[in-house]
Amino acid sequence: MSALPLVSVRPTLARLLPWFLRFAAVVLLTSLPAPAPPRATPGPDQIVETQHPQMCVHTRLIDEVDEWKIQRSLQMVREMGAPNIVEFFPWAYIESTEGRYDWGQADRIVRHARNQGVRIIARLGLVPGWAQQGADGRMTLNTLPETRYADFARFAAAFAQRYAGVIDQIIIWNEPNLAFEWGYREVSPAAYARLLQAVYPRIHAANPQAQVLAAPLALTLEPAGSPAAMNDLDYLRALYAAGAAHYFDALAMHPYGFTQPAMQPPSSDRLNFRRAELQRAIMVEHGDAHKPVYITEMGWNSSERWVYAVTPAQRAAYTLDALVLADRWPWLRSACIWVFRFPAPTFSYPDGFTLVDTEFQPQPLYLALQAHALGAPQEARPWLPAPAAR
């Protein structure tokens, strides 16, 4: 048998060598450790300089992955001149397993807020899965069976005790007059009154100086019997009728302006910023004139994607007018603007509420609020006069 011819492998190796080198480079680069994120070491303690101590902004720090973004957000809050923030502390995040608390992210937020001289108003809510067992029908993360009220009260007491003297204003739930926020159950002022009754004594036992804030109500003109929501004024009256007055120290409010100017007079058939005055009147009617109010969300939206939005110039003018008006309300303790910044863009109309974008670039309203907080004269403020209302 004749021998097989020898074939040289050198040309083949020459062709494959660049690919081997590229593959090796990719493996090397992907195996290298990722660069460390910027450090978030607190510096010297700061003080917020402002001429408007009621000014406040709602942050969304609980979902930040990088600690330096928490720090930078709070630095910019201080630099804007807001001495207060509202922050959400979800029960589902902190006690995802029954009886085991993870305070890590909450502690980071509190540490950086104290370092920047910013006080926190806390909102509690969002139900962990283990506490929803036994719930019937459709559920959301806001579905809390009444049999679990005691578990939520225990968590709220643990929160109040841990942050006593640092966080002394605690909001219980959010907009319970909306079916979605009430876990797709029938909206029930009486059921929410029972939640306050369960929580109130536990919080005060844990922190006698705490203020329990009844949940802010969504402004709505829904008719009686609507499955989606209950008119906020009707809900507040029903809450008093259920005996809730004994179980909250202050009322939170959400008087959004929608497309209306801040100074538009209030009316029971109209949704606007001064609807806060109608809710306040109900408090007075029921003997609660001595209790303060905290506006924990307010504002106007300048998105081009939303029917209830206004122009950026209108947004600035209406917001500043609202803060001037709020300064005249002796019963008001804070006026918190929604929202400072989202951890990631929503690519929809909620981005039109932000004061700072995801890259920490300030929106025009941020600069307007900063000028207001520092007492800059009107002619020095960096925006154009608002066009006529739509």
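About the criteria used
- Residues numbered from 1 in each chain as written.
- Predicted model: local features only at pLDDT ≥ 70, side-chain atom pairs only at ≥ 80, totals over all residues.
- Heavy atoms only, no water.
- Helix = DSSP H or I, 4+ residues; strand = E, 2+ residues; numbered from the N terminus.
- Buried < 20%, exposed > 50% of the residue type's maximum accessible area, 1.4 Å probe, protein only.
- Contact = heavy atoms within 4.5 Å.
- Core = buried A, V, L, I, M, F, W, Y, C linked by side-chain atoms within 4.5 Å.
- 1 Å grid on protein atoms, 1.4 Å probe; cavity = no way out; pocket = protein on both sides within 12 Å on 5 of 7 lines; lining within 4 Å.
- Points joined across faces, edges and corners; volume = space filled by probe spheres on them.
- Nonpolar A, V, L, I, M, F, W, Y, C, P; charged D, E, K, R; others polar.
- Disulfide = S-S within 2.5 Å.

**Student:** Mind showing me how you'd approach the overall build of the chain here?
**Tutor:** Counting its regular elements, the chain contains ten helices and eight strands. For the chain, the residues scored as buried account for 51% of the 390 residues in total. For the chain, contacts bridging at least 24 residues in sequence account for 76% of all contacts bridging at least 6.

**Student:** Explain the nonpolar core to me, please; I cannot follow it from the model alone.
**Tutor:** Generally speaking, a soluble globular protein has its nonpolar side chains buried in company with each other. Counting residues in hydrophobic clusters, the biggest one holds 98 residues, and the most contacted among them are Phe-89, Phe-152, Ile-172, Tyr-192 and Leu-355. Setting aside its immediate chain neighbours within four residues, Leu-355 contacts Val-57, Met-80, Arg-315, Ile-337, Val-339, Phe-340, Gln-361, Pro-362, Gln-363, Leu-365, Tyr-366 and Leu-369. With nine residues, the next largest nonpolar core counts Val-86, Ile-121, Ala-252 and Cys-336 among its residues.

**Student:** Explain the layout of surface pockets to me, please; I cannot follow it from the model alone.
**Tutor:** Regions of empty space are outlined by a rolling probe, equal in size to a water molecule, passed over the atoms. Put simply, the largest pocket is a space of about 690 Å³. If you trace the largest pocket, you find 23 residues lining it, with Glu-175, Tyr-256, Glu-297, Trp-338 and Tyr-349 closest to the centre. Residue composition of the lining of the largest pocket, by class: 13 nonpolar, five polar and five charged.

**Student:** Please explain the state of the cysteines as it appears in this structure.
**Tutor:** Two cysteines joined by a covalent bond between their sulfur atoms form a disulfide. Summed over the entire model, instances satisfying the criterion amount to one disulfide. At a sulfur-sulfur separation of 2.0 Å, the disulfide partner of Cys-56 is Cys-336. As the torsion about the S-S bond is roughly 90°, the Cys-56-Cys-336 disulfide counts as right-handed. Linking Cys-56 in strand β1 (residues 55-58) with Cys-336 in strand β8 (residues 332-338), this pair joins segments that are 280 residues apart in sequence. Across this residue pair, the class does not change: Cys-56 and Cys-336 are buried.

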